[in-house]
Amino acid sequence: MKFSYRCTDCGLSLEIKPNVQLCPACSSSGQPDKPLKGVLETVCEGTPDASPFDETVDFIHQLLPVEKKYFPSIPVGMTPLWEPENLRKRLNLKNLFIKDDTLNPTGSLKDRASFLVAAFARKYKITDIVVASTGNAASSMAGIGAAAGLNVKIFIPSSAPKAKMVQALQYGADVTLVDGTYDLAFEKSIEYTNKYGGMNRNTAYNPLTLEGKKTAALEVFAQMRRVPDHVFVPVGDGVILGGLYRGFIDLFEKGYTDKIPVIHSVQAEGSSAINRALAGGGFTAPVKSDTIADSISVDIPRNGYYAVNMLKKYSGTGVTVTDKEILEAQKTLASSTGLFAEPSSASALAGLLKIRDSIDDNAYTALIVTGNGLKDIDGAMRALKMEGEKLA
Ligand SMILES: *Cc1c(COP(=O)(O)O)cnc(C)c1O
């Protein structure tokens, strides 16, 4: 297998090595209040000799640009894809599946990206990682970094849910609280890396984040033994969405399937830049994000251009949901399946509930549940209070 980076804007091919983050030509045309220009995707040439079904772990590793021996021993990915019987009945969706990524070591899908970043760092003897985050990317990098023996420096908004901060501190990361938004934390982390060095893991900015997240798509394919018809995914910066497309495109290009699923980008009403851009008009000046779903709360979606291009190319849709719908979906998911997800993750179900009528009863549908509910107790408390009001 042969791997290289390709610019998602101009198509330039680049060697995969440290300090290659964005396309040098395109990134300079980026504007500070717009998504990043020159985001790099990973291209893999060749056909794996492992089967996607029988030796899934080997198959997935063959499609990743870092050799298996460099990955830390902590078990990331290979999360269950399961059949939620009550929810299937309730929605009359016979082939509904949950991809439970809350079961990753630090409780979110972000571990898939951190895992690849950590392996890359070990391969190139990089010891320091820097990351800005709404909370999960930071706690994830801290945890996976701990397993890999890396020093992790994180920048998170002081408003981030406490549990995510506590996780990062327990894992031994150096935590800087930023008095402002995630977007400010993003800037500060890049300034820090430029000044002090280390590898920056910021989402989309570091191409390995997009690549690492594609493993979720490869697993869904192996576990379902087919490409789903519909996938619902919560979207903030658009890197999970982009990573899912990357995985399905790999499968398509290597001839394992002739189908790319319809991916539904679910965003909170108070943080919906990608869905607004998809609906028309492109990316306008940033709107200050305001949603209870902190993990998908971003003013400027870093991977916005790529996400919108993919959604257009493969007939994906944008589904925008209110905080009330998100909290109701959180309770519905927990009480009907036993899976307690954080608000951002529950938004995937909120999106499905919103457009249920447009989906065939027999369609193979996957909900990507991205983060554990215990990561944000305050948000969940609000949902319970809301319900109390309704009962009173
Ligand atoms: C980061 C995150 C998302 C959104 O992913 P993007 O790549 O920013 O779109 C969704 N859910 C959870 C739990 C997350 O941590």
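Our subject is the structure listed above.
In this report, we go over the structure that sits alongside the text. Just so you know, these numbers come straight off a predicted model, no measurement behind them. (Residues numbered from 1 in each chain as written. Predicted model: local features only at pLDDT ≥ 70, side-chain atom pairs only at ≥ 80, totals over all residues. Heavy atoms only, no water.)

### Quick notes on the sheet that holds strand β6 (residues 128–132)
Pairing is parallel in the open sheet, where 4 strands are placed in the order β8-β7-β6-β9. What marks the edges here is a single partner per strand, and that holds for β8 (174–178) and β9 (199–200). Relative to β8, strand β7 (residues 151–157) runs parallel, the two sharing 5 bridges. Residue pairing in the sheet places I154 in a bridge with V175 of β8. Running at roughly 155° to β6, helix α7 (residues 182–196) makes contact with β6, β7, β8 and β9 of the sheet. (Pairing = 2+ DSSP bridges. Helix = DSSP H or I, 4+ residues; strand = E, 2+ residues; numbered from the N terminus. Contact = heavy atoms within 4.5 Å. Axes fitted to C-alpha atoms, helices over the stretch in contact; angles between N-to-C directions.)

### Quick word on unusual backbone geometry
Despite not being glycine, M78 has its phi angle at roughly 50°, a positive value. Residue placement: M78 occurs in the loop between α2 (56–62) and β4 (81–82). The exposure class of M78 is partly exposed, given its relative accessible area of 40%. Of note, K125 is a non-glycine position whose phi angle comes to about 55°, a positive value. In this fold, K125 is placed in the loop between α4 (110–123) and β6. According to the relative accessible area criterion, K125 is exposed, its value standing at 72%. (Buried < 20%, exposed > 50% of the residue type's maximum accessible area, 1.4 Å probe, protein only.)

### What to know about the nonpolar core
The biggest cluster of nonpolar side chains holds 93 residues, and the ones touching the most others in it are L244 and F248. No other element matches helix α10 (residues 239–253), which puts 8 residues into this core. Contacts of L244, omitting those with residues within four sequence positions, involve A216, A217, V231, V233, I263 and I368. Judged by nonpolar contacts, the second largest core, of 25 residues, contains L333, I359, A363 and L367. (Core = buried A, V, L, I, M, F, W, Y, C linked by side-chain atoms within 4.5 Å.)

### Quick word on the site of the ligand
Near the ligand, the surroundings consist of 17 residues, among which K110, N136, G236, G238 and T370 are the closest. Note that a nitrogen atom of the ligand is positioned 3.4 Å from one of the side-chain N or O atoms of S344. Side-chain polar atom of T370 to a nitrogen atom of the ligand: 2.7 Å apart, as the coordinates give it. For the ligand, whose unbound accessible area comes to 380 Å², protein coverage reaches 98%. Using a 2 Å cut-off from the grid points, one finds that the ligand occupies the largest cavity. Looking at the shell around the ligand, the elements with two or more residues in it are α10 and α14 (343–354). Of the residues belonging to the shell around the ligand, the class tally is 5 nonpolar, 8 polar and 4 charged. (Near = heavy atom within 4 Å. Polar contact = N/O pair within 3.5 Å; in protein donor to acceptor, adjacent residues only side chain to side chain. Areas by Shrake-Rupley, 256 points an atom, 1.4 Å probe, with all protein chains shown as cover. 1 Å grid on protein atoms, 1.4 Å probe; cavity = no way out; pocket = protein on both sides within 12 Å on 5 of 7 lines; lining within 4 Å. Sits in = over half its atoms within 2 Å of the grid points. Nonpolar A, V, L, I, M, F, W, Y, C, P; charged D, E, K, R; others polar.)

### Points about the environment of I326
Within the fold, I326 resides in helix α13 (residues 323–337). Setting aside residues up to four positions removed in sequence, I326 forms contacts with A268, T291, A293, V321, P343, A346, S347 and A350.

### Let's talk about the packing of α10 against helix α12 (residues 304–313)
One way to put it is that α10 packs onto α12 with a least axis distance of 9 Å and a crossing angle of 50°. One finds that α10 runs oblique with respect to α12. As α10 runs across α12, the sense of the crossing is left-handed. Along its contact with α10, which presents L241, G242, Y245, R246 and I249, the element α12 presents Y306, A307, M310 and L311. (Parallel < 35°, antiparallel > 145°, perpendicular 65-115°, else oblique. Left-handed = near helix turned anticlockwise from the far one by under 90°.)

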